[in-house]
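# A look at the structure
Here are the chains, one letter per residue:
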Amino acid sequence: MKKYDVIIVGGGMVGSSLGCLLAKAGIHVAVVEAFEPKSFDVDAPHDLRVSAISPFSRSVLSDAGAWQSIEAMRLSPYEQMHVWDGVGNGEIHFDAAEIGEAQLGHIIENRVIQLGLVKALQSYETAELICPAHLKNFTIEEKTVFATLSNGEELSASLIIGADGARSRVRELAKISVNRNDYGQSGLVTVVETEMPHQNTAWQRFISTGPIAFLPLNQNQSSIVWTLPSDKADYMLALDDDAFKIQLEEAIEYKLGKVLSVAQRAAFPLKGSQAESYVRPNIALVGDAAHTIHPLAGLGVNLGFKDAAKLAEILLATSSVSEMGDFSILRQYERARRGDNVITMKAMEAFSSLFANTFSPIQQVRNIGLNWINQNNIIKQVFIKQAMGK
Ligand SMILES: Cc1cc2nc3c(=O)[nH]c(=O)nc-3n(C[C@H](O)[C@H](O)[C@H](O)COP(=O)(O)OP(=O)(O)OC[C@H]3O[C@@H](n4cnc5c(N)ncnc54)[C@H](O)[C@@H]3O)c2cc1C
């Protein structure tokens, strides 16, 4: 039996960031990850899965010790964001310069973020990455967690943290139920090269079937996240490249000219969810294990990094490691994070419904609202700061 202070199940972006924050402070952490992260090759094309990383998340990645190696691999800053309504003339333009910043955030491949974090994790003496292995079971006896892994290893700790994604095994074994809202939509992702430069701008058009975003990568490449009703996403996946390029050009209203090339495509079903509880005695959930949201504003993992930062702060303020599993301590984390996560999820759902509405008076008010925000500097700055995780 190997003894640790904390076991983190899931070495994805959120779990490995939390592992780093704890290990950096001398906490003995085991991070159990099911899959070996794929190595990075600068000549390889961009991965399909990317995240828009806010400045707050960047600061978490810096504190974790991962930012330098992420930067050395590959990332793309974006300085502006242009959002417009598919119907009417409503539009809003955000510029980092308006609030004296160099950029609004960075578009980074998920795999690059995870690799940077895993590298940092392995540099801390008190951290151990157990990979590939997955959690099979755990029990709690007298405030100690006993976990068994697929490779036969047995671990014990004061606290087990589920950072194991939307289908969390930790959450399932803890019998914590989940409130789910199936949006009946899928997020279609791919990478394209366009005729015109993206100008380090994130372009997003709201269409009644769902928003489409062109997120800037290197040179004239953009990462696409296109929300569609699931049957329409299946149709788009089945189109040949030339027909799909035309669909993309029309969807973004030729803002970046012609789509010259398109990579493979994939689609992910979209669901909003909230675990009924984020904590139990000796158990905590973070990131997608605790909540998932609509990707329309690219906030999912940014909320997860906020969870990781807050939980690390609360655990590191305890007077002894044995206290880390106390329910009263873990409740502080849930109280600090649930409100933000729920409000953000509801706000994304409200945006999604508002822009899906085809009733003409609602469309007119929506357009007036967007243009009003665009012309009102104070309100606009509030929106920019919110999007930057401030
Ligand atoms: C189309 C789309 C676009 C998105 N775009 C953005 C964006 O721009 N910005 C943003 O902030 N968010 C975005 N998101 C959301 C974001 O991808 C997720 O919020 C994020 O990946 C969650 O990270 P996580 O570490 O909590 O979970 P995951 O990424 O799911 O990682 C969980 C890890 O746990 C491991 N694991 C699972 N079970 C076990 C087990 N039993 N034992 C051991 N290991 C296990 C898995 O292998 C995995 O590595 C998007 C989502 C979608 C669907």
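Our subject is the structure that appears above.
Residues numbered from 1 in each chain as written. Predicted model: local features only at pLDDT ≥ 70, side-chain atom pairs only at ≥ 80, totals over all residues. Heavy atoms only, no water.

Now for the sheet that holds strand β8 (residues 105-109). Taking strand neighbours across the sheet as the criterion, the three strands line up as β4-β8-β5 in an open arrangement whose pairing is antiparallel. On the outer flanks of this sheet lie β4 (50-53) and β5 (76-78), each paired with one strand and no other. Strand-to-strand, the axes of this sheet are offset by a mean angle of 25°, without reference to chain direction. Pairing of β5 with β8 involves three bridges; the strand directions are antiparallel. Residue Ser-76 lies in a different strand from β8, and its bridge partner there is Ile-107. Lying over the sheet, helix α2 (residues 55-63) contacts β4 and β8, oriented at roughly 100° with respect to β4. (Pairing = 2+ DSSP bridges. Helix = DSSP H or I, 4+ residues; strand = E, 2+ residues; numbered from the N terminus. Axes fitted to C-alpha atoms, helices over the stretch in contact; angles between N-to-C directions. Contact = heavy atoms within 4.5 Å.)

This brings us to the sheet that holds strand β1 (residues 2-3). Reading across the sheet, the four strands line up as β1-β12-β11-β10 and stay open at both edges, with mixed pairing between neighbours. Since the sheet does not close on itself, it has two edges, and those belong to β1 and β10 (135-141), each with one partner. With six bridges connecting them, β10 and strand β11 (residues 144-149) associate as antiparallel partners. Pairing of Ile-140 across the sheet is with Val-145, part of β11.

A side chain of one charge can pair with a side chain of the opposite charge when the charged atoms of the two come close. Taken as a whole and judged by the stated rule, the model has 16 salt bridges. The salt bridge partner of Glu-109 is Arg-74, with a shortest N-O separation of 2.9 Å. Residue Glu-109 is located in strand β8, and its partner Arg-74 is located in the loop between α3 (67-73) and β5; the two are separated by 35 residues in the primary sequence. An identical accessibility class is assigned to Glu-109 and Arg-74; each is buried. Asp-307 serves as the salt-bridge partner of Arg-337, at 2.8 Å between the closest nitrogen and oxygen. Taken together, the residues span a long stretch of sequence, with Arg-337 in helix α9 (residues 327-356) and Asp-307 in helix α8 (residues 300-316) at a distance of 30 residues. Grouping residues by exposure puts Arg-337 and Asp-307 together as buried. Through salt bridges that share partners, Lys-306, Asp-307, Arg-337 and Asp-340 make up one connected network. (Salt bridge = Lys/Arg side-chain N within 4 Å of Asp/Glu carboxyl O. Buried < 20%, exposed > 50% of the residue type's maximum accessible area, 1.4 Å probe, protein only.)

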